[in-house]
Every structure is written in structure tokens, then in C-alpha cells.
Amino acid sequence: MKLVRKDLEKDNAGQVTLIPEEPEDMWHTYNLLQVGDSLRASTIRKVQTESSTGSVGSNRIRTTLTLCVETIDFDSQACQLRVKGTNIQENEYVKMGAYHTIELEPNRQFTLAKKQWDSVVLERIEQACDPAWSADVAAVVMQEGLAHVCLVTPSMTLTRAKVEVNIPRKRKGNCSQHDRALERFYEQVVQAIQRHINFEVVKCVLVASPGFVREQFCDYMFQQAVKTDNKLLLENRSKFLQVHSSSGHKYALKEALCDPAVTSRLSDTKAAGEVKALDDFYKMLQHEPDRAFYGLKHVEKANEAMAIDTLLISDELFRHQDVATRARYVKLVDSVRENMGTVRIFSSLHVSGEQLGQLTGVAAILRFPVADLSDQEDESSSEED
């Protein structure tokens, strides 16, 4: 993401002009946008024209519109963003108050204005504009007959290809059908890797599987690369890292990212940091439950006691439509940082973020034990009843 201009007032109102440069920048843009913001961007509008003879025609005209945002639609697989709203600035082709949908695209500038830019949104702009935050990890999670080729970016886990091949069982004295099907499966996975992984950007490719599938696949891939003189694979051989996973499904990627060999190799990536933080939380919940809280009320109580060492929070919560609820989460993040705690904002499109979402989206590892708050919650819930 490229920051073109930033004009913020003392009360944090103002606007920023940005150019998304990569598909992932559309995810950042989705998280920056809120209902009620004003968005100015170039768009195409179908305009009816009447000629001097009275015949009516329609032309598609490129114009710049400023909309008051009403609905935001993001397609995570295609990384496309559609924003619908009403026109709030005079335009020769579009009436004031008329509805229009702008499709935001990579390499096309837009200006976003807000009445209040909070710390979480400003931090996201900093991260999006930092070139170090790029998609530098790829993963192939596989088992016999099933493989997922994924890109692990700082903000999302994208499944780029799914390979499924029916592999017959080995039969006594005749394994040829099984071996042929397995070879066909491996070949399709190799093709998917070459098609979807950009080795100029990716620092590491995890190959994860149960049993010996990963070893057999890597042996096959590099033997074929030598036979066909595939320089792309041979030059990047050192980037492939084999790790264990329980299956070839996408959710098994979390296990692969937890592997100590992987975490040391990926220590500078955000995805590995998130996985480790969540793993630490689960360990704490198991061994010292008084130092691991989840749920907004519990975490807020722990924060009042200045007990939070690490706050784990999903970016999904900052997209809440209710301004007061969103402000509550922002206040929690700011307060933890003021008390010298660490804040990890998880992407809901990551495997680890999906898991955190199952724990209400907010959790905390505490510096010291705090008495269990379940009694207080029972009291408050009975009052609500």
C-alpha cells in the first residue's frame, strides 16, 4: 500500500489518500472502511444521453465520486472490494443522494475521510504501507490424495489450489494402480506450486503431512526437477521445509506453524507470532487458568487490575457497526499498551484468527493470577435475565 497524503486534525478527524498495490491491500482497505465514512474514488457510471434528434443512448463514463459509505462487500478469495453508498458531492453525471457502487481496485487511488481516526485504524495503515509485511510464507498441507497449496500473508491465509486425486489401495502383489495414481497426484501438486508460489517473494515453503507423505513428495518433486532441468525448483530447494501435520486439510496448517523448527525459521513473520501467542494462551489456560482469560467482560476486568501481559484480539471486532462497541475494543487495546502490555491483533482470515474467533475473539495472558471472575459473570447474567 502506498500512502499518498495524510491530513489529520488535532481531534483525529481528516482524510488519507492511499493506493492499494497488491491484492492483500484490498483486505487492509476493507478493515479501514466503516459505514458513515466518506470515500472518494474514480468509478464508471452508465449515463443516458439524448441527441438533438431525440434518440436516447447510454454511455459508460469514468468520473470521480464521493460516497457516504453504506455497505461494504469483500470477496476474500478474489480480493475484490465493492462499496455502496450515496453521492454527497456535486457531479455532472450523478445527482446528489443517488446510489452508486464503487469497485476499489489495485493501483487505483482513493481518498477516505473519517470523523474519527482511532489508533487501531492508524496502526493498520502503518502496517499496510510497510514493505516488510509481505506474503513471505507458502505452505503445502497434504495427505495421500488431498493437498492444499496456501499463501500465508501477514493478514490472511489464502488457499490458492486444492488438489484431490482418488488413490486406490495397495493390493497384494499388485501396487501399480496405487503407484500410478500417487504419481499423478504428486505431479498435480508440483504444477500447483509452480503456478501459485512466487519464489521471488516467498522465503519459506512448508510441506506438511502425516506419515511419510511429505518426504515421498519432496523426493519425487526434486527427482523430476533434475530430470526436466527445472531451474525454478532446483534453485529454491533450500526454501522447502518439511514438518508434521495430522492431515491434509487447511486447519492442520496451525500445527505446522507451531512446529519449533518452523517458528525459528519464521520468527520475523506476523503469522508465526500469532500462532505462538495463541499456543501460549492455551498452555496457560491448561496449567494456570487464573492467568488466562477470554471474553470481553473478563478481559476488561483483568485490564482494570493492570494484569494483562499479552492481549489477543481479532480484527473482526473492529469492524463492528456499532460505534460505541468498536470504541470499547479500541479503548481496551490503548489501555493495555499504556500499561506496557503487548497487543496482538489477529486476522480473522488466518487459521489462528479463526480459532481465536471461537473464543469470542478476545483473550488475554496475565502477568499474575487474578481470582476467577465466573461468579461475577453469573451474577450479571442473572441480573440481565
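Note: the structure precedes this text.
Rules used in this analysis
- Residues numbered from 1 in each chain as written.
- Predicted model: local features only at pLDDT ≥ 70, side-chain atom pairs only at ≥ 80, totals over all residues.
- Heavy atoms only, no water.
- Buried < 20%, exposed > 50% of the residue type's maximum accessible area, 1.4 Å probe, protein only.
- Helix = DSSP H or I, 4+ residues; strand = E, 2+ residues; numbered from the N terminus.
- Pairing = 2+ DSSP bridges.
- Axes fitted to C-alpha atoms, helices over the stretch in contact; angles between N-to-C directions.
- Contact = heavy atoms within 4.5 Å.
- Polar contact = N/O pair within 3.5 Å; in protein donor to acceptor, adjacent residues only side chain to side chain.
- Salt bridge = Lys/Arg side-chain N within 4 Å of Asp/Glu carboxyl O.
- Core = buried A, V, L, I, M, F, W, Y, C linked by side-chain atoms within 4.5 Å.

**Overview of helix α11 (residues 351-358)**
Listed as buried for α11 are Val351, Ser352, Gly353 and Leu356. Just beyond α11, the residue with positive phi is Thr360, at close to 75 degrees.

**Quick look at the sheet that holds strand β10 (residues 157-164)**
In spatial order, the strands read β10-β9-β8-β11-β12; together these five strands make up an open sheet with mixed pairing. Strand pairing shows two members of the sheet lacking a second neighbour, β10 and β12 (240-244), which therefore form its edges. Neighbouring strand axes in the sheet, compared pairwise and without regard to direction, differ in orientation by 20 degrees on average. Bridge count between strand β8 (residues 137-143) and strand β9 (residues 146-152): seven bridges; the pairing is antiparallel. In the strand pairing of β9, Val141 is matched with His148. Each of β8, β9, β10 and β12 is contacted by helix α3 (residues 176-196), which is oriented at about 150 degrees to β10, the strand it contacts most. Taken strand by strand, helix α4 (residues 213-227) contacts β8, β11 (204-209) and β12, and its axis lies near 160 degrees from that of β12.

**As for the side chain of Thr66**
Among the secondary structure elements, Thr66 is positioned in strand β4 (residues 56-75). Given a relative accessible area of 6%, Thr66 falls into the buried group. A polar side-chain atom of Thr66 sits 2.8 Å from a polar atom in the side chain of Arg40. Here Thr66 is in contact with Ser38, Leu39, Arg40, Thr86, Asn87, Ile88 and Gln89, once residues within four sequence places are set aside.

**Overview of the pattern of salt bridges**
Enumeration according to the criterion identifies 14 salt bridges in this entry. Across the salt bridge formed by Asp279 and Lys283, the nearest N and O atoms sit 3.5 Å from each other. You can see Asp279 and its partner Lys283 sitting in helix α8 (residues 270-287), four residues apart, about one turn around the helix. On the basis of relative accessible area, Asp279 is assigned to the partly exposed category, the value being 22%. Put simply, Glu300 and Arg328 hold a salt bridge, and the shortest N to O gap is 2.8 Å. Residue Glu300 is located in helix α9 (residues 296-304), and its partner Arg328 is located in helix α10 (residues 323-338); the two are separated by 28 residues in the primary sequence. Arg328 gets classed as partly exposed once you look at its relative accessible area, which sits at 37%. A single network of salt bridges, built from pairs that share partners, joins Arg124, Asp315 and Arg319.

**Details of the sheet that holds strand β15 (residues 342-346)**
Ordered by their spatial adjacency, four strands build an open sheet running β13-β16-β14-β15, and the pairing between neighbours is mixed. Looking at which strands have only one partner, the edges of the open sheet turn out to be β13 (292-294) and β15. Here the strands of the sheet are splayed against their neighbours by 15 degrees on average, with no regard to which way each runs. Sheet topology note: the β13/strand β16 (residues 362-366) ladder contains three bridges and is antiparallel. Along β16, the bridge assignment pairs Tyr294 with Ala363.

**Examining the pairing of strand β7 (residues 110-114)**
When a strand is regular, its side chains alternate between the sheet's two faces. With respect to burial, β7 is a largely interior element, five of its five residues being buried. Covered by surrounding structure in β7 are Phe110, Leu112 and Lys114 together with Thr111 and Ala113, the residues of both alternating faces. When strand β2 (residues 14-19) meets β7, the two strands line up antiparallel, connected through five bridges. If you follow Gln15 over to β7, its bridge partner there is Ala113.

**A word on the side chain of Thr86**
Following the sequence through the fold, Thr86 ends up in strand β5 (residues 80-87). Look past the residues within four positions of Thr86 in its chain and what remains in contact with it is Thr66, Leu67, Cys68, Glu70, Gly97, Ala98 and Tyr99.

**Some details on the nonpolar core**
Among the nonpolar cores identified, the biggest contains 32 residues, and Met142, Phe185, Val189, Ile193, Phe217, Met221 and Phe240 are the most heavily contacted of them. The set of elements that each furnish at least two residues to this core consists of β8, β9, β10, α3, β11 and α4. With eight residues, the top contributor of residues to this core is α3. Residues contacting Phe240, with those up to four places away along its chain left out, are Ile193, Phe199, Val205, Val207, Met221, Phe222 and Leu233. Core analysis: the second largest hydrophobic core is formed by 31 residues, Val16, Val69, Phe74 and Phe110 among them.

**A few points about the pairing of β5**
Relative to β5, β4 runs antiparallel, the two being bridged by eight bridges. Across the sheet, residue Cys68 finds its bridge partner in β5, namely Thr86. Taking the residues between adjacent antiparallel strands as the criterion, β4 and β5 are bridged by four residues, where Cys79 takes a positive phi near 55 degrees. Across six bridges, the pairing between β5 and strand β6 (residues 99-104) is antiparallel. Among the inter-strand pairings, Leu81 is bridged to a residue of β6, identified as Leu104.

**Looking at unusual backbone geometry**
Positive phi, normally seen in glycine, also occurs at Met306, with a value near 55 degrees. Looking at the secondary structure, you find Met306 in the loop between α9 and β14 (308-314). For Thr360, which is not glycine, the phi dihedral falls at a positive 75 degrees. Its location among the elements puts Thr360 in the loop between α11 and β16.

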